[in-house]
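Listed here are the chains, written in short residue letters.
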Amino acid sequence: MELKVQSRTILGKKVKTLREEDLIPAELYGHGVKNLHFTLSAKEFQKVFKEAGESTIINLITEDNKTLPVMIHDLEIDPLSKKILNVDFYQIKMSEKIRVPVSIEFSGEAPAVKTLGGILVKTLQEIEVEALPSDLPNRIEVDLSGLDEIGKTISVKDLKISEKVKIFVNPDTIIATVVEAKAEEVVAEAAPAEEVAPETQAPAEGEASP
């Protein structure tokens with residue numbers, strides 16, 4: 001996955017002019033690496049980010065055709081327009097293992113939801129892993145089609161992940177399960193009653209307020 005970048009000399013508040021040209025100012029960091037300032041196409045970055053996320057290696061291609069293997073370290077997003085304002089890249093060494101969170105992608109449909117009326121509960125959205133950059137998965141896929149009974153679960157130990165990837169989550173941690181709809185309703189109905197503290201109730205007639 002490649003992304004073309006150009007060196008930039010415009011810094012500080014003046015980068016606003018770059019954004020008006022549909023460019024994103026970016027910074028490159030790394031252990032033992034000189035900090036570099038770039039600009040990149042907002043449209044091209046959106047396309048790459050949608051596919052890569054924050055756990056995939058991206059090769060930055062500079063103006064002099066140098067290839068810099070990086071990962072997205074941080075994004076600054078405008079809270080109103082949702083446009084990406086800045087990007088921080090971290091240059092990696094292909095010979096060194098790195099530890100990153102990898103997103104879980106759910107696929108398929110749980111039969112226990114469709115045929116038995118159960119409720120699907122997803123309890124994990126990402127998993128922290130460690131591996132060489134070339135062995136890192138883009139995402140971890142979890143197939144829900146095996147959840148054909150109420151109470152059945154998918155745990156971390158059920159995942160099919162390369163032995164080259166170390167997982168930093170307890171193997172028994174549940175990722176997804178199907179529970180009875182009635183059990184969910186009982187919890188939802190009971191919650192408001194538990195929130196009423198005795199001292200908030202109106203005093204009985206003839207009693208003084210505390």
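Keep in mind the model is a prediction, meaning the values are calculated, not measured.

Definitions and limits used
Residues numbered from 1 in each chain as written. Predicted model: local features only at pLDDT ≥ 70, side-chain atom pairs only at ≥ 80, totals over all residues. Heavy atoms only, no water. Helix = DSSP H or I, 4+ residues; strand = E, 2+ residues; numbered from the N terminus. Buried < 20%, exposed > 50% of the residue type's maximum accessible area, 1.4 Å probe, protein only. Pairing = 2+ DSSP bridges. Phe/Tyr/Trp six-rings, centres within 6.5 Å; stacked < 30°, edge-to-face > 60°. Lys NZ or Arg CZ within 6 Å of the ring centre and 35° of its normal.

**Q** What exactly am I supposed to notice about unusual backbone geometry here?
**A** Generally, phi is negative for residues other than glycine and the peptide bonds are trans, each holding for most cases. In this model, Asp22 sits at a positive phi of 65°, which is unusual for a non-glycine residue. Locating Asp22 in the fold gives a position in the loop between helix H1 (16-20) and strand S3 (23-29). The partly exposed category is assigned to Asp22, whose relative accessible area is 44%. Although it is not a glycine, Asn65 sits at a positive phi angle of roughly 65°. Take Asn65: it is sitting in the loop between strand S5 (58-61) and strand S6 (67-77). Judged by its relative accessible area of 64%, Asn65 is exposed.

**Q** So what exactly am I meant to see when it comes to the sheet that holds strand S2 (residues 6-7) here?
**A** Within a sheet, adjacent strands bond to each other through the backbone by hydrogen bonds, running parallel or antiparallel. The strand order across the open sheet built from seven strands is S1-S5-S6-S7-S3-S4-S2, with neighbouring strands paired in mixed fashion. Edge positions in the sheet fall to strand S1 (2-4) and S2, since each has one partner strand and no second. Where S1 meets S5, three bridges bridge the pair, whose relative direction is parallel. By the bridge assignment, Lys4 is partnered in S5 with Ile61.

**Q** For this particular structure, what's the right way to read the packing of aromatic side chains?
**A** For any pair of aromatic rings, geometry is given as the distance between the ring centres together with the angle between the planes. Taken as a whole and assessed by the stated rule, the structure comprises two aromatic pairs. Ring centres of Phe45 and Phe49 lie 5.8 Å apart, and the angle between their planes is 10°; this geometry places the pair in the stacked category. Note that Phe45 and Phe49 are positioned in helix H2 (residues 42-52) at a spacing of four residues, about one turn of the helix. Residue Phe45 is classed as buried on the basis of its relative accessible area, which comes to 0%. For Phe49, a relative accessible area of 23% puts it in the partly exposed group. When the centroid spacing of 6.3 Å and the interplanar angle of 75° are considered together, the rings of Phe45 and Phe89 count as edge-to-face. Of this pair, Phe45 sits in helix H2 while Phe89 sits in strand S7 (residues 84-91), and the two are 44 residues apart along the sequence. In this pair, the class of Phe45 matches that of Phe89, namely buried. Through a chain of ring-to-ring contacts, the aromatic side chains of Phe45, Phe49 and Phe89 assemble into a single cluster. Cation over ring: Arg99 sits above Phe168, and NZ or CZ is 3.6 Å from the ring centre.

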